[in-house]
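The lines below spell out each chain.
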Amino acid sequence: MDADHLPEMLARLKLTALRDRLDTLLDEAARRELSLRETLALLCEAEVAHREERRIQMGLGIAKFPFVRTLEGFDFDAQPSLDPKQIRDLAACRWVANGDALLLLGPPGVGKSHLAVALGREAVRHGYSVLFVQATELITALARAHVEGRLEDKLAHYAKAKLLIVDEIGYLPFEPNAAHLFFQLVSRRYERGSMLVTSNRSVSEWGTVFGDPVVATAILDRLLHHSHVITIRGDSYRLREKRRAGLLKTNPAPAVTENTL
Ligand code: ADP
Ligand code: MG
């Protein structure tokens, strides 16, 4: 028996994490006086854990989250309008498995994008494909593809992920064709994939946001059919932090100027 080839064989079997940590793991097995069977389990666990970590990192890369935000980093005490139990429940991702929609509504700065990214990361962890996109970026991409005769491809692109996160509907006015384009996307994903949508406007205002009340109703009809709607209230977290630091003494500035702070 020639153990010299072991690293080479492990590489051929694509067990590279195991190859790289072999000496450490064998030392650990010896120290813990593990049986052969237990040692094999320890070695397999190391490889499996490494692959799982790599899968998650790849999924997070593909999702294109604009920043890192986690549920652990969310201060529920600062946001009493949210039920932590409900958010933890959503983090289990059954709604993604079911293809449900999730709407996070509320004024600027209350943590909608934070939760959208955090729940998106949970979905990746649970093995679902996720794509994050800003609403205006999405509409612009669809409109351009439409003009260039590539709408089908673009719709297919945005329909592919099991969970599509569309952030910030309502912050900027959409172009005239936006309602139709968004409707086509929502229809295509309907009852197949999940959507997580954040908006600073209540759904009753979406007619104005999309500039077309009839199509906005059709969009909402599909989105709300199997959906969870969470409305967050309260002050902007950013302004709250500033007030705490003594930088602001008065009440929060109007929402329009909030983003510039
Ligand atoms: P929104 O999307 O509702 O406008 P964001 O999610 O962008 O708000 O929140 C603004 C900033 O405040 C972000 O940096 C976010 O991480 C932080 N934030 C908001 N709410 C909380 C919270 N409850 N706990 C921790 N950080 C928060
Ligand atoms: Mg936001």
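How each quantity is defined
- Residues numbered from 1 in each chain as written.
- Chains lettered and ligands numbered in written order.
- Predicted model: local features only at pLDDT ≥ 70, side-chain atom pairs only at ≥ 80, totals over all residues.
- Heavy atoms only, no water.
- UniProt positions renumbered as here; feature names shortened; annotations may be inferred.
- Near = heavy atom within 4 Å.
- Polar contact = N/O pair within 3.5 Å; in protein donor to acceptor, adjacent residues only side chain to side chain.
- Areas by Shrake-Rupley, 256 points an atom, 1.4 Å probe, with all protein chains shown as cover.
- Helix = DSSP H or I, 4+ residues; strand = E, 2+ residues; numbered from the N terminus.
- Contact = heavy atoms within 4.5 Å.
- Buried < 20%, exposed > 50% of the residue type's maximum accessible area, 1.4 Å probe, protein only.
- Pairing = 2+ DSSP bridges.
- Axes fitted to C-alpha atoms, helices over the stretch in contact; angles between N-to-C directions.
- Parallel < 35°, antiparallel > 145°, perpendicular 65-115°, else oblique.
- Nonpolar A, V, L, I, M, F, W, Y, C, P; charged D, E, K, R; others polar.

For the protein, the name recorded in an unreviewed UniProt entry is AAA+ ATPase domain-containing protein, with Azospirillum argentinense as its organism. Looking at the Sequence similarities (unreviewed entry) heading of the UniProt record, one finds this comment for the protein: "Belongs to the IS21/IS1162 putative ATP-binding protein family."

Take the site of ligand 1 next. In the vicinity of ligand 1, 15 residues are found, and the nearest of them are Arg69, Asp75, Gly109, Lys112 and His114. Gly109 is positioned such that a nitrogen or oxygen atom in its backbone is 2.7 Å from an oxygen atom of ligand 1. Val110 is positioned such that a nitrogen or oxygen atom in its backbone is 3.2 Å from an oxygen atom of ligand 1. Calculation on ligand 1 without its partners gives an accessible area of 560 Å², and the protein chains cover 89% of this total. The set of elements that each furnish at least two residues to the shell around ligand 1 consists of α6 (112-125) and α12 (237-244). When residues of the shell around ligand 1 are assigned to their parent elements, the largest contribution, three residues, is made by α6.

So, on to the UniProt feature "domain: AAA+ ATPase" (unreviewed entry) in the protein. UniProt records the feature "domain: AAA+ ATPase" (unreviewed entry) at residues 98-231, using the numbering of this structure. When the span residues 98-231 is considered, its composition is 51% helix and 21% strand, and the gap between its end C-alpha atoms is 21 Å.

Moving on, we get to the environment of Leu220. With respect to the secondary-structure elements, Leu220 resides in helix α11 (residues 213-225). For the pair Leu220 and Leu40, spaced 180 residues apart in the sequence, the C-alpha separation amounts to 53 Å. If near-sequence neighbours (up to four positions away) are discounted, Leu220 is found in contact with Val203, Trp206 and His225.

As a further point, take the environment of Phe74. Of note, Phe74 is situated in the loop between α3 (36-63) and α4 (84-91). In this structure, the C-alpha to C-alpha distance between Phe74 and Gly111, residues 37 residues apart in sequence, is 8.3 Å. Setting aside its immediate chain neighbours within four residues, Phe74 contacts Gln79, Leu82, Val110, Gly111, His114 and Leu115.

Every other side chain in a regular strand lies on the same face of the sheet, so the side chains alternate between the two faces. Burial analysis of strand β1 (residues 101-105) places five of its five residues in the buried class, the great majority of the element. In β1, alternate side chains face the same way, and those of Ala101, Leu103 and Leu105 on one face and Leu102 and Leu104 on the other are all buried. By the bridge criterion, five bridges tie β1 to strand β4 (residues 194-199) in an arrangement that is parallel. The partner of Ala101 across the bridge, within β4, is Met195. Sheet topology places β1 next to strand β5 (residues 227-231); five bridges connect them, and they run parallel. Opposite Ala101, over in β5, you have Ser227 as the bridge partner.

This part takes up the packing of helix α7 (residues 135-147) against helix α9 (residues 178-189). Interhelical geometry of α7 versus α9 gives an angle of 95° and a closest axis separation of 10 Å. By the criterion of interaxial angle, the relationship of α7 to α9 is roughly perpendicular. For the pair α7 and α9, contact is made by Leu138, Ile139, Leu142, Ala143 and His146 and by Ala178, Leu181, Phe182 and Leu185, respectively. Along the lines of polarity and charge, the residues of the contact of α7 with α9 split into eight nonpolar, one polar and no charged.

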